[in-house]
Amino acid sequence: KSRLPEAPATRPAESLKQDILRHVLYSLGRDTERPDRQTVFRALALSLRDRLVEKWIASQRDIYSRSSKRVYYLSLEFLPGPFLRENLIALGLENEAREALTDMGFGLDDVADEEYEPGLGNGGLGRLASCYLDSMATLRLPAYGYGIHYAYGIFYQLIKEGRQVERADNWLRGGTHWEFERSHYVHPVRFYGQVREWVDEQGRLRHSLENATTVMAMACDMFIPGHKNDYVLNMRLWAAKTSREFEFSFFNTGDYIGAVEEKIRDENISMVLYPNDEAPEGKELRLKQQFFLVSATIQDIVRRFRKKGIAWDQLPRKNVIHLNETHPAVAIPELMRILVDEELLTWEEAWYICVRTFAYTNHTVLPEALEVWPEDLFRRLLPRHLQIIHEINRRFLHDVRRQFPNDPNILGRVSLVHEGESRWVRMSHLAIVGSFSVNGVSAHHSEILKESVFHDFYKIFPERFNNKTNGITPRRWLRQCNPTLAWLITEHIGPEWLTDLAQLKKLEPYVNSEGFHRAWMEVRLRNKHKLAEYIRDKNGITVMPESLFDVHVKRFHEYKRQLLNVLHVIALYNRIRSSPGSVTVPRTYIFGGKAAPGYYMAKHIIRLINSVAYTINTDPRVGDLLKVVFLQNYCVTLAERIIPATDLSEQISTAGMEASGTGNMKFALNGAITIGTHDGANIEIMEHVGNENLFLFGLLSHEVNEMRSQGYNPRLFYERDSELREVLDMIAGGFFSPSEPHLFRDVVESLLNHGDRYMVLADFRSYVYRQQDAANAFMDQAAWARMSMLNTSRMGFFSSDRAVDEYAKDIWGVSGV
Ligand code: 26V
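Residues numbered from 1 in each chain as written. Predicted model: local features only at pLDDT ≥ 70, side-chain atom pairs only at ≥ 80, totals over all residues. Heavy atoms only, no water.

Below, the discussion takes up the sheet that holds strand β17 (residues 548-553). The strands that make up a sheet pair up through hydrogen bonds in the backbone, lying either parallel or antiparallel. Here we have six strands laid out as an open sheet, ordered β19-β18-β17-β20-β21-β22, and parallel in their pairing. With partners counted over all chains shown, the strands left at the sheet margins are β19 (626-631) and β22 (695-697), one partner each. With direction set aside, neighbouring strand axes in the sheet form an average angle of 20 degrees. Its contacts with the sheet place helix α22 (residues 562-578) against β17, β18 (587-592), β19, β20 (648-651) and β22, and it is angled at close to 155 degrees to β18. (Pairing = 2+ DSSP bridges. Helix = DSSP H or I, 4+ residues; strand = E, 2+ residues; numbered from the N terminus. Axes fitted to C-alpha atoms, helices over the stretch in contact; angles between N-to-C directions. Contact = heavy atoms within 4.5 Å.)

Given below as structure tokens:
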């Protein structure tokens, strides 16, 4: 057995410094005398990559030698955020790096600020995948993350004259330093073409694809270290490369430019992450991306499995493939295709293997977000896969018919293919039928799946449905983003909370200690000072650190109801103007988040917020009582600045619509108080931190449904509530857009004349009351501090370590190596 190189016997800080200098010279080709900050950052990253790859090789050897069952986590999105501090903390090298950099005349904070994060996800779903990889590494699970190496991640958001403007996110422009590009390590991915049916010498009916287009998938590996446990797993992202045929076609066809065009077309597949716009239906490139990820990944899995030389029916005993949403669900027919068409298993044998291998997590119940593909598109791009889906469906419906002989309508409802004027492949149905486990992401959401969205499937496969409430990694979302609070906690209860978050409970005895109170609030105030500085730098607005920081950051979507928030902001503004003295708690409102580029209303609401901000911030009657700030380009890096400085966390989705939320957890963990609806994980947060330590309001999800089915009339709320009326009339009348008085009419129209689908007006009054409760609570700083500490101390359940451990035990059947 070959041995890994030994680490040098010098002091860690000194050896790190030597490595940095070596990389400055030999990897980056720069003068070691005066490297600039970016160069130092990159050299430090490369030095850490050296350490990570050693541990990764060792971890892989462990997994292999134990012949452990492996977990494959397939996701079209990962949102890891900046790596530098995370990796330093995990490797236990933070102080050493600080020392090494100081020696070279740099500060760690400045060097860390040089990092540009990979935005390879839209929001919650991608960030969850990254939290889970962190926990899988910390729990030493034999796991692999698989995704796509997009050249352009989620767009960079600028706010220009109040409007969102999108810019390409060229995250790779500075080169890569964390990953290994494995240019010799590629898999062919084949699509288009025709299915040929033929009979082989043994008389078997065979299927193969002819005239297919081939694109190569090249592996790019990034390393995810566990917390101080010498264990490292990898996130393998596939980049599209043209096949070798490209080089031949130079000579054969003489059409040089034509060949180059083909190359460009092939490599487009991994060019850009899709924003979660209304509907990707018909977006051929998106379906190509999904199959590209799936095909390359399954080849990797099969290759590793083959090395074991055991029978195919052992595949589920040795592997589990987790589908993050339906986006990679074409993995199910792809594995069937390999087993039946290539490995010549019978359909029954292959299906037995498939349904024991896949598990599926659903992350949304919004009907427009449930993935469907036009059958024609599927047939053109993946003809064999469509045939396989039809066969899965035929057999499935046959069974359903026998199980429910008296309910013929169920067949149309559960069919994998929707048959109406046009035919659609329903990816969620495929994922449910092809998996042994289907889970939602909060208790509330999982109940909704069983009771409404997937009720028929719940009747057919009750044993498949389960809940796994989301979690977040305390390494990034407390230790790394809020180091002073983390230190205060560790000083009192020791460092075990970092890998056993339930230990935060031990803070509870200190909530009555005056000294701890003071220290807690000092840390929080210092964080607010830092954010105030950032706001002054970026937006030119001066905010009072002592004011109540009321924060609403997340993707812009009508169901998340940033609009409800701004309606209340306007109501406060009106109170200040009409009866000065009625508003006593100064507030700083902070908004942030991206709207999908094609989502008109969400973008319009961003513009409204910026207009309201301008009006309020420049009105001398308001003074320090109210400030409204929109921070552009919300991303992981920005979240890390904002969350530790937040007093009040806005989690105000229409009940029944937010599957879980994970921002809600990040804020509460850092001692913010939640104002929120009875939705997603808010409900469980309430159960853990106590009803008296957060502000819930609004309709319950069954009340939302009842009100809708009884004919919800938003106008009634408008007519009955004069404060609400004044707010809406101002917006519609151009108060916030004097040069374009009709600018925001559509927003008001959507509420009054188009049914207010998200029940903004129905929840307005109870929101206003609850906001008043929050303001009153904030006036008693000692009581607020107590609530804040109790929030942190009771958030242990929401660790992604707990969540991943549940997945490992209940679904995956794996344990740490
Ligand atoms: C849909 C699409 C369709 C068009 C192409 C790109 C794309 C990307 C994402 C989506 C839907 C993703 C659903 C989602 O992000 N759900 C969120 O998942 C979080 C983690 O479980 C959860 O906390 C949020 O409540 C939920 O909205």
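On we go from here.
Moving on, we get to the domain arrangement of the protein chain. Examined at the domain level, the protein chain breaks down into domain 1 (6-66 + 87-116), domain 2 (67-82 + 117-468) and domain 3 (474-705 + 762-804). Each of domain 1 and domain 3 was reduced to a C-alpha centroid, and the two centroids are 35 Å apart. (Domains from an automatic or database assignment.)

What surrounds the ligand is a group of 20 residues, the closest being H363, N470, E658, S660 and G661. Within the backbone of A659, an N or O atom sits 3.4 Å from an oxygen atom of the ligand. Here an oxygen atom of the ligand sits 3.1 Å away from a polar atom, N or O, in the main chain of S660. Coverage of the ligand by the protein amounts to 91% of the 590 Å² it exposes when considered alone. (Near = heavy atom within 4 Å. Polar contact = N/O pair within 3.5 Å; in protein donor to acceptor, adjacent residues only side chain to side chain. Areas by Shrake-Rupley, 256 points an atom, 1.4 Å probe, with all protein chains shown as cover.)

Quick look at the pairing of strand β4 (residues 163-167) now. As defined by bridge partners, strand β3 (residues 156-160) adjoins β4 across five bridges and the pair is classed as antiparallel. Bridged to Y156 within β4 is R167. What sits between the antiparallel neighbours β3 and β4 is a turn of two residues, in which E161 has the positive phi angle 50 degrees.

Right, let's talk about the sheet that holds strand β14 (residues 423-426) for a bit. Strand order in this open sheet of three strands is β12-β14-β13, and the pairing throughout is antiparallel. Each edge of the sheet is formed by a strand with only one pairing partner; in this case those strands are β12 (372-374) and β13 (417-419). The average undirected angle you get between the axes of adjacent strands in this sheet is 30 degrees. With three bridges joining them, β13 and β14 adopt antiparallel strand pairing. Each residue of the ladder has a partner; that of H418, found in β14, is W424.

Of all hydrophobic cores here, the largest spans 196 residues; its most connected members are L84, M136, F378, F396 and W812. Setting aside its immediate chain neighbours within four residues, L84 contacts F41, L44, L48, L108, V111, A112, E115 and W178. Counting 68 residues, the second largest nonpolar core, distinct from the first, contains I576, I675, V727 and A775. (Core = buried A, V, L, I, M, F, W, Y, C linked by side-chain atoms within 4.5 Å. Buried < 20%, exposed > 50% of the residue type's maximum accessible area, 1.4 Å probe, protein only.)

For the structure shown, the criterion picks out zero disulfides. In this model C635 remains outside any disulfide bridge; the closest cysteine sulfur is found in C481, 13 Å from its own. (Disulfide = S-S within 2.5 Å.)

Think of a ball as big as a water molecule: rolled over the atoms, this probe shows where empty space is left. Enumeration according to the criterion identifies five cavities of 30 Å³ or more in this entry. Counted as a void, the largest cavity has a volume near 160 Å³. Residue lining of the largest cavity: 14 residues in total, with F83, E86, D134, I224 and R476 positioned closest to the centre. When contributions to the lining of the largest cavity are tallied by element, the ones reaching two or more residues are α3 (84-91), α6 (124-138) and β8 (213-225). Ranked by residues supplied to the lining of the largest cavity, first place goes to α6 with four residues. The residue makeup of the lining of the largest cavity, split by class, is seven nonpolar, three polar and four charged. Put simply, the second largest cavity is a space of about 60 Å³. (1 Å grid on protein atoms, 1.4 Å probe; cavity = no way out; pocket = protein on both sides within 12 Å on 5 of 7 lines; lining within 4 Å. Points joined across faces, edges and corners; volume = space filled by probe spheres on them. Nonpolar A, V, L, I, M, F, W, Y, C, P; charged D, E, K, R; others polar.)

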